[in-house]
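This is what each chain is made of:
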Amino acid sequence: MAVAWEINMINEEAISPEILSLIIKEYKNDINVTAIVSMDDWGWSNKRQLDSVAEITEELDKGKIITIELQSKQWKSLGMFVEKEGVYLYTFWINTDGFPELDVDKITDANRKYYNQVYHILDRLIEEYNLPFNYIAIGLESDVRCYADIRTAISNSNNVIVWLIKKGNNTILPENSKRQKVSEKLEIIVIK
């Protein structure tokens, strides 16, 4: 049974519409935006189609939740949710149908290439677009509790396989964790 593989980026500030537009343009050969929707809550109340990426930040500031429906040749379905609850949470999700190696709650030899690919893409996007973020959580059907402090987030979140922080971030991590460099800009937090 397929689930959602999620990359959750927690930010103090919104990613600007200009940067989102540039990223969408860069990946237009791989992923197409089919709809951008604003809604009041997860019950899809007051669902409204947005005309452009430029409207996202304004809608978030009004307390709305944004869904971005995406289409890809490689993946059965994928998309992005964006919400603001003190901090901004950007959740990019991919349906794992057809990729059973991703439907595992740990990094294995079979799925390591997908995680490495995500690290590489994130590293490049952070470098090229100066993407602001506090930390990133990758997991299956993850329940990420957003806090400015990553230690609190780790303690209160579920179904997260990997936590990523900026390389050189001197945040004190939980005792049962260690850092590992995965790219030029990122380190993963390994929970023992």
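Draft legend 1. View of the pattern of salt bridges. In the structure shown here, the tally under the stated rule is 11 salt bridges. For Glu 58, the salt bridge is made with Lys 62, and the minimal N-O distance between the two is 3.6 Å. Residues participating in the shared-partner salt-bridge network are Arg 48, Glu 55, Glu 58, Glu 59 and Lys 62.

Draft legend 2. Structural view of the side chain of Glu 101. Here Glu 101 shows up in the loop between strand S6 (87-95) and helix H3 (112-129). Look at Glu 101: it is buried, it has no salt bridge, and the nearest opposite charge is Lys 113 at 5.3 Å. Here Tyr 114 takes part through its side chain, which lies 2.9 Å from a polar atom of the side chain of Glu 101. Contact partners of Glu 101, with chain neighbours within four places excluded, come to Ala 110, Asn 111 and Tyr 114.

Draft legend 3. Region of the structure containing the pairing of strand S9 (residues 177-181). Across five bridges, the pairing between S9 and strand S10 (residues 186-191) is antiparallel. Note on S10: the bridge partner recorded for Ser 177 is Ile 191. In this antiparallel pair of consecutive strands, S9 and S10, the connection spans four residues.

Draft legend 4. Structural detail: the nonpolar core. Of all hydrophobic cores here, the largest spans 45 residues; its most connected members are Trp 5, Ile 56, Leu 122, Leu 131, Ile 138 and Leu 164. When residues of this core are assigned to their parent elements, the largest contribution, eight residues, is made by H3. Residues within four places of Leu 131 in sequence aside, it is in contact with Met 9, Ile 15, Ile 19, Ile 23, Leu 125 and Ile 126. Ranked by size, the runner-up nonpolar core spans 13 residues in total, among them Leu 89, Ile 150, Trp 163 and Ile 165.

Draft legend 5. Examining the sheet that holds strand S8 (residues 158-166) more closely. Spatial ordering of the open sheet is given by S3-S2-S4-S5-S6-S1-S7-S8-S10-S9, a layout of 10 strands whose pairing is antiparallel. Unpaired on one side and paired on the other, strand S3 (48-49) and S9 mark the two borders of the sheet. Contacting strand S1 (4-11), strand S7 (135-143), S8 and S10, H3 crosses the sheet at an angle of about 30° to S1.

Draft legend 6. Here's a closer look at the environment of Ala 2. By the secondary structure assignment, Ala 2 is in the segment before S1. Each C-alpha atom of the pair Ala 2 and Thr 96 lies 5.1 Å from the other, and the pair is 94 residues apart in sequence. Sequence-distant contacts of Ala 2, that is, excluding residues within four places in its chain, are made with Asn 95, Thr 96, Asp 97 and Asp 103.

The rules behind these values
- Residue positions are given per chain, counted from 1 along the sequence in the order it is written.
- Selection of residues for local features in this predicted model requires a pLDDT of at least 70, selection of side-chain atom pairs for listing and counting requires 80 or more, and totals for whole chains, interfaces and linings are taken over all residues.
- No hydrogens and no water enter the side-chain calculation; it runs on all heavy atoms of the structure.
- The salt bridge definition used is simple: a Lys or Arg side-chain nitrogen within 4 Å of an Asp or Glu carboxyl oxygen.
- Starting at the N terminus, helices and strands are each numbered in turn, a helix being any DSSP run of H or I of at least four residues and a strand any DSSP run of E of at least two.
- Throughout, exposure labels follow a simple rule: accessible area from a 1.4 Å probe, protein chains only, divided by the maximum for the residue type, with under 20% read as buried, over 50% as exposed, and the rest as partly exposed.
- In summary, the charge assignment counts Lys and Arg as positive and Asp and Glu as negative, without counting His or the chain termini.
- Whenever two N or O atoms come within 3.5 Å, that pair is a polar contact, provided that in protein one can donate a hydrogen and the other can accept it, and provided that, for residues adjacent in sequence, both atoms are side-chain atoms.
- In what follows, a contact means two residues having at least one pair of non-hydrogen atoms within 4.5 Å.
- Only strands joined by at least two bridges in the DSSP assignment are considered to pair.
- Take the buried residues of types Ala, Val, Leu, Ile, Met, Phe, Trp, Tyr and Cys, join any two whose side-chain atoms come within 4.5 Å, and each joined set is a nonpolar core.
- The angle between two axes is taken between their N-to-C directions and runs from 0 to 180 degrees, where each axis is a line fitted to C-alpha atoms and a helix contributes only its stretch in contact.

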